[in-house]
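Commentary on secondary and tertiary structure
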Amino acid sequence: MNGWDIAILAALAAAVALALRRVLRTRKTGGCGCGCEGCARQCKERNEE
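Here the structure is a predicted model, which is why all the values come from computation and not from measurement.

This paragraph deals with the overall build of the chain. Helix and strand counts for the chain come out as two helices and zero strands. Per-residue burial over the chain gives 8% buried out of 49 residues. Counting every atom, the chain has about 4500 Å² of accessible surface; 61% of that belongs to carbon and sulfur.

Judged by side-chain polarity, Met 1, Ile 6, Leu 9, Leu 12, Val 16 and Leu 20 come together as a nonpolar surface patch covering roughly 640 Å² of accessible area. Mapped onto the fold, Leu 9 is located in helix 1 (residues 3–29).

The rules we used
Residues numbered from 1 in each chain as written. Predicted model: local features only at pLDDT ≥ 70, side-chain atom pairs only at ≥ 80, totals over all residues. Heavy atoms only, no water. Helix = DSSP H or I, 4+ residues; strand = E, 2+ residues; numbered from the N terminus. Buried < 20%, exposed > 50% of the residue type's maximum accessible area, 1.4 Å probe, protein only. Areas by Shrake-Rupley, 256 points an atom, 1.4 Å probe, with all protein chains shown as cover. Patch = residues over 30% accessible without salt bridge, like charges linked within 9 Å, V, L, I, M, F, W, Y side chains within 5 Å. Salt bridge = Lys/Arg side-chain N within 4 Å of Asp/Glu carboxyl O.

This is the structure we're talking about:
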């Protein structure tokens, strides 16, 4: 593996880590990732509409 391969793998790993972090944070705060159309949870966006 050369330097470019390692850089690409590191960037990919960082993107996956940030995506997982966002999903877990959204679940923890009780938000929904679907925009509230098909969500059974009571979220702020649905209450404002």
